Amino acid sequence: MDKIIIAAITGVVCIIIGIFLGFLIRKIAAKKAEETIRNADTEAKRIIDEALKTGETKKKEMLIEAKEEILRNKKEAELEAKERRAEIARLEKRAQQKEETLDKKIESCEKKEENFNQKFKEYEGKIAEVEEVKAQQIAKLEEISGFTAETAKEYLLSQIESEVRHEAAMKIAEIEQQTKEEAEEKARNIISLAIQRCASDQVSETTVSAVDLPNDEMKGRIIGREGRNIRAIETLTGVDLIIDDTPEAITVSCFDPVRREIARLSLERLIADGRIHPAHIEEMVEKCRREVETIIKQSGEQATFETGIHGLNPELIKLLGRLRYRTSYGQNVLIHSIEVSHIAGMMAEELGVDPMLAKRAGLLHDIGKAMTHDVEGSHVQIGVDICKKYHENKDVIHAIEAHHGDVEPQTVVAMLVQAADAVSAARPGARRENLESYIKRLQKLEEIATDFDGVDKCYAIQAGREIRIMVKPEEVNEDQMVFLARDIVKRIESEMEYPGQIKVNLIRESRRVEYAK
């Protein structure tokens, strides 16, 4: 118990001591704080006093600098104003001098204008005099020359026109000659090379076929009782059998070569068999017709094989085979078409054009001739229609349409086919004409030439491939010959049909005859 009391008393004593010590410490700290505050106030007052002193000093310095800057600026402004006043005075003086100079120039110009007006009036009077003198001289010249002004003007224009036409004609002739020489040289090389590379036989064919007989008694058997055998043959084949005094031969005549070939084969088989009566004739004709159709198909296929053309419609191949039995002026059309194909292809190779397209167009260019006996119209139009029907290449169709000049050739292939066709047809021995058509062509050629004014005489020579025309020198001069030759050529091209080309040769000869007495 005593221990507890002692501990409690000790605790109270400790608390009292702690409170006392805390009070002392607090009082000491308060004194230190007051002393610190007083020191701070003192220091602050000192700093403020120093700042006030420094500010006054700075203020005085800045005032001094501002006054100096103002004085300096004032001096500069006065100097600049002085310079500007001097510049203005100088400019005013210069302007005054220019004004005086301008016044002098104006005065001088006024004097010159016055002199000019005076001289202009004098010139007007002189011009009037000159016009009067000119009119008198013109009247005098018209009286002396017999020409009015309009007449003289027309005369001069005609002279100038004549000179211009002369120069134009000379230039045209020079350019044409140069172009022709270059083109002919190149074309000659290409065509000659193509012809040399393409060698084919030319055989002239006719519209009749002869069938050999073992003896003349066979003629009677072919005619038959009351002509029944010959009537049967003619009815079934559509040909005419000509039995005349020709020994041991019968002539088969027909414009359709396929029918003529069927009739020829049938007669040869009947003669070899010996049985000639209507029933056997009918059987033999049908058999030969099938055989000819097979030959036609094989010929068409062979033509495509020779030319290397692929992808043709089978119907076009059959029509090509029919050309085996078709002739034009005695030239076999199938052989001609193959030759044109080869020549066109070779020329296309030389010119860098598609040779297969040119060959295709050349092979089909006369395809319409296979149908001319069955369809109305020209072989050109028939060929175009057939190729359109079987969807042939448009360039090939155009070449067919243009190969006889019915339309203007628009492609190189069309021109090559046209040239190849002419080359093949113009080969020696390729074609033949009957005498009547040959004479008519020569007469037509001479008639066209004589229709032109200034033509004296003309002669068709070289089988109609050249016409020489003599012109009247007093009516046609050298310049007019250029235009006359072109006009004659155009008319020949538009009015005539002919293989190859026709040379128009104009000759002008001046002659003067005098007699010694």
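In the block above lies the structure referred to throughout.
Being a predicted model, the structure only gives us computed values, none of them experimental. (Residues numbered from 1 in each chain as written. Predicted model: local features only at pLDDT ≥ 70, side-chain atom pairs only at ≥ 80, totals over all residues. Heavy atoms only, no water.)

Asks: Could you clarify how one ought to interpret the overall build of the protein in this entry?
Replies: Secondary structure summary: the protein contains 14 helices and 8 strands in total. Counting the 517 residues in the protein, one finds 28% classified as buried. As displayed, the protein has an accessible area near 35700 Å², and 54% of this comes from carbon and sulfur atoms. (Helix = DSSP H or I, 4+ residues; strand = E, 2+ residues; numbered from the N terminus. Buried < 20%, exposed > 50% of the residue type's maximum accessible area, 1.4 Å probe, protein only. Areas by Shrake-Rupley, 256 points an atom, 1.4 Å probe, with all protein chains shown as cover.)

Asks: Looking at this model, I keep getting lost on the pattern of salt bridges. Mind explaining?
Replies: Any two side chains of opposite charge can pair if their charged atoms end up close together. Summed over the entire model, instances satisfying the criterion amount to 19 salt bridges. The partner of lysine 318 in a salt bridge is glutamate 315, and the shortest N-O contact between them spans 3.9 Å. Highlighted residues: lysine 318 and glutamate 315, both in helix α7 (residues 314–322), separated by 3 residues, approximately one helical turn. Taking relative accessible area as the criterion, lysine 318 reaches 39% and is therefore assigned partly exposed. The exposure class assigned to glutamate 315 is partly exposed, which follows from its relative accessible area of 35%. Ionic pairing is found between glutamate 392 and arginine 360, a salt bridge with its closest N-O pair at 2.5 Å. (Salt bridge = Lys/Arg side-chain N within 4 Å of Asp/Glu carboxyl O.)

Asks: Help me understand empty space enclosed by the protein in this model?
Replies: A water-sized probe, rolled over the atoms, reveals where empty space remains. Tallied over the entire structure, the rule returns 2 cavities of 30 Å³ or more. By volume, the largest cavity amounts to about 50 Å³. Taken together, Asp256, Pro257, Val258, Arg322, Arg326, Lys369, Ala370 and His373 make up the full set of residues lining the largest cavity. (1 Å grid on protein atoms, 1.4 Å probe; cavity = no way out; pocket = protein on both sides within 12 Å on 5 of 7 lines; lining within 4 Å. Points joined across faces, edges and corners; volume = space filled by probe spheres on them.)

Asks: Is there a simple way to explain the packing of helix α6 (residues 278–307) against helix α9 (residues 355–364) in this structure?
Replies: Each pair of packed helices gets described by two things: the angle between the helix axes and the distance between those axes. Contact geometry of α6 with α9 gives a least axis separation of 11 Å together with a crossing angle of 150 degrees. Overall, the two elements α6 and α9 adopt an arrangement that is roughly antiparallel. Relative to α9, the crossing made by α6 is right-handed. Within the contact between the two elements, α6 uses Ala303, Thr304 and Thr307 and α9 uses Met356, Lys359 and Leu363. (Axes fitted to C-alpha atoms, helices over the stretch in contact; angles between N-to-C directions. Parallel < 35°, antiparallel > 145°, perpendicular 65-115°, else oblique. Left-handed = near helix turned anticlockwise from the far one by under 90°. Contact = heavy atoms within 4.5 Å.)

Asks: What is the right way to read the packing of aromatic side chains from this model?
Replies: Centre distance and the angle of the planes are the two values used to describe a pair of aromatic rings. Under the definition given, this model contains 1 aromatic pair. Plain terms: the ring middles of phenylalanine 116 and phenylalanine 120 are 6.1 Å apart, the flat faces sit at 25 degrees to each other, and that makes the pair stacked. On the criterion of helical spacing, the pair formed by phenylalanine 116 and phenylalanine 120 is a turn pair, its members being 4 residues apart in helix α1 (residues 2–145). The exposed category is assigned to phenylalanine 116, whose relative accessible area is 53%. (Phe/Tyr/Trp six-rings, centres within 6.5 Å; stacked < 30°, edge-to-face > 60°.)

Asks: I'm lost on the sheet that holds strand β7 (residues 466–471) in this one. Help?
Replies: Two strands in a sheet stick together by hydrogen bonds in their backbones, pointing the same way (parallel) or opposite ways (antiparallel). Taken in spatial order, the 3 strands of this open sheet run β6-β7-β8, and their pairing is mixed. Two strands bound the open sheet, and with one partner strand each, they are β6 (455–461) and β8 (503–508). Across the sheet, the axes of successive neighbouring strands diverge by a mean angle of 20 degrees, strand direction being ignored. Here β6 runs beside β7; their pairing, made up of 6 bridges, is antiparallel. What sits directly across from alanine 460, in β7, is isoleucine 467. Sitting on the sheet, helix α14 (residues 478–495) touches β7 and β8, and the angle it makes with β8 is about 150 degrees. (Pairing = 2+ DSSP bridges.)

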